[in-house]
Amino acid sequence: MAVEEYRQRVKSEKRSAALAAAGKAFLSQGYDRTTLAQVAKEAGISTGTLFKHFPTKATLFEGIMEQLWEADPELQRPLPPPGNPAGGLTAIGHDYAGKLRQPHTGPLFRVIIAEAPRFPELGQALFQRGKAPYLDRLHAYLRSEIAAGTMAIHDVPLAARQFLGMINDLIFWPTFLAADQGVSDAEVGRVIDEAVLTLLARYGRGVTGGAERRP
């Protein structure tokens, strides 16, 4: 048992080293110019070991996106209980905004946008490994509120995109496009509150919980 645990630990350490080296390479020189041989050398592992974990550059990038998004503690938490859609949506909105504001999120998006016309798999990795887990979680939460009778939504995927889109547009994109366009914590809270109120105005059924409109 001890030998197997050791092997698993070494395997995990090598995988983490490869992802860390790949992340640095993609950010510094772009997706196109990064090679698996470079990543293996920077990670201190053999190319054969790297290929066992990530047989292509695309799977390596997917691994980075998975590490960036799917391992989020926010995604591991139980969903907010139904019955208070304002409170539940506010919590989910803050989880999502927190991820968008992490320092490495913007630089990775820049790599994807710059390289996606030539490497469409990057855009797919962003969605499948990035936004999709948050959308899936929000879909499940909205359906629980529908079942509880607090919301009436005919198109859950559309409502989920509307909600996250309101947060994206005002929190992420201004700082992404102009580095000096910072968004304060207070402004983030206001944006999320307004997104919640807007969604409930469209889909709520009179039970809004403890939402308060900030001045």
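Residues numbered from 1 in each chain as written. Predicted model: local features only at pLDDT ≥ 70, side-chain atom pairs only at ≥ 80, totals over all residues. Heavy atoms only, no water.

(A) Inspection of the pattern of salt bridges at higher detail. Per the stated rule, a full pass over the model turns up three salt bridges. Across the pair Asp95 and Arg137 runs a salt bridge whose closest N-O atoms are separated by 3.7 Å. Here Asp95, found in helix α6 (residues 85-100), pairs with Arg137, found in helix α8 (residues 121-148); they are 42 residues apart in sequence, far enough to count as distant. Neither residue differs from the other here; Asp95 and Arg137 are each classed as buried. (Salt bridge = Lys/Arg side-chain N within 4 Å of Asp/Glu carboxyl O. Helix = DSSP H or I, 4+ residues; strand = E, 2+ residues; numbered from the N terminus. Buried < 20%, exposed > 50% of the residue type's maximum accessible area, 1.4 Å probe, protein only.)

(B) The arrangement of empty space enclosed by the protein in detail. Enumeration according to the criterion identifies one cavity of 30 Å³ or more in this entry. Reported here for the largest cavity is a volume of approximately 30 Å³. In terms of lining residues, the largest cavity is bounded by Ile92, Asp95, Tyr134, Arg137 and Leu164. For the lining of the largest cavity, the secondary structure elements donating two or more residues are α6 and α8. Along the lines of polarity and charge, the residues of the lining of the largest cavity split into three nonpolar, no polar and two charged. (1 Å grid on protein atoms, 1.4 Å probe; cavity = no way out; pocket = protein on both sides within 12 Å on 5 of 7 lines; lining within 4 Å. Points joined across faces, edges and corners; volume = space filled by probe spheres on them. Nonpolar A, V, L, I, M, F, W, Y, C, P; charged D, E, K, R; others polar.)

(C) Just the nonpolar core, in detail. Membership of the largest hydrophobic core comes to 31 residues, with the highest contact counts inside it found for Leu89, Leu138, Leu142, Met151, Phe163 and Ile167. Only α6, α8, α9 (156-177) and α10 (185-203) provide two or more residues apiece to this core. Setting aside residues up to four positions removed in sequence, Ile167 forms contacts with Gly93, Tyr96, Ala97, Leu100, Phe172, Val191, Ile192 and Ala195. Counting 22 residues, the second largest nonpolar core, distinct from the first, contains Ala22, Phe26, Ile64 and Phe119. (Core = buried A, V, L, I, M, F, W, Y, C linked by side-chain atoms within 4.5 Å. Contact = heavy atoms within 4.5 Å.)

(D) The arrangement of α10 in detail. Compared with an ideal rise of 1.5 Å per residue, which puts 19 residues at 27 Å, α10 spans 27 Å between its outermost C-alpha atoms and is within 8% of the ideal. Buried residues of α10: Val188, Gly189, Val191, Ile192, Asp193, Ala195, Val196, Leu199, Leu200 and Tyr203, and no others. (Expected span 1.5 Å × (residues − 1).)

(E) Quick look at the packing of α6 against α10. Axis separation between α6 and α10 bottoms out at 9 Å; the angle between their running directions is 135°. With respect to each other, α6 and α10 are oriented oblique. Remark: the crossing between α6 and α10 carries right-handed chirality. Here Pro85, Ala86, Leu89, Thr90, Gly93, His94 and Ala97 of α6 come into contact with α10, specifically with Val188, Gly189, Ile192, Asp193, Val196, Leu199 and Leu200. Of the residues belonging to the contact of α6 with α10, the class tally is nine nonpolar, four polar and one charged. (Axes fitted to C-alpha atoms, helices over the stretch in contact; angles between N-to-C directions. Parallel < 35°, antiparallel > 145°, perpendicular 65-115°, else oblique. Left-handed = near helix turned anticlockwise from the far one by under 90°.)

(F) Structural view of the packing of aromatic side chains. The full count for this structure, using the stated rule, is four aromatic pairs. With a centroid separation of 5.8 Å and an interplanar angle of 85°, the aromatic rings of Tyr31 and Phe61 are classed as edge-to-face. Of the two residues, Tyr31 is situated in helix α1 (residues 2-33) and Phe61 in helix α4 (residues 57-70); the sequence distance between them amounts to 30 residues. Phe61 matches Tyr31 in its accessibility class, with the two residues each being buried. Through a chain of ring-to-ring contacts, three or more aromatic side chains come together here, namely Phe26, Tyr31 and Phe61. For Lys57, the ring lying beneath its charged end belongs to Tyr31, and the centroid distance is 4.7 Å. (Phe/Tyr/Trp six-rings, centres within 6.5 Å; stacked < 30°, edge-to-face > 60°. Lys NZ or Arg CZ within 6 Å of the ring centre and 35° of its normal.)

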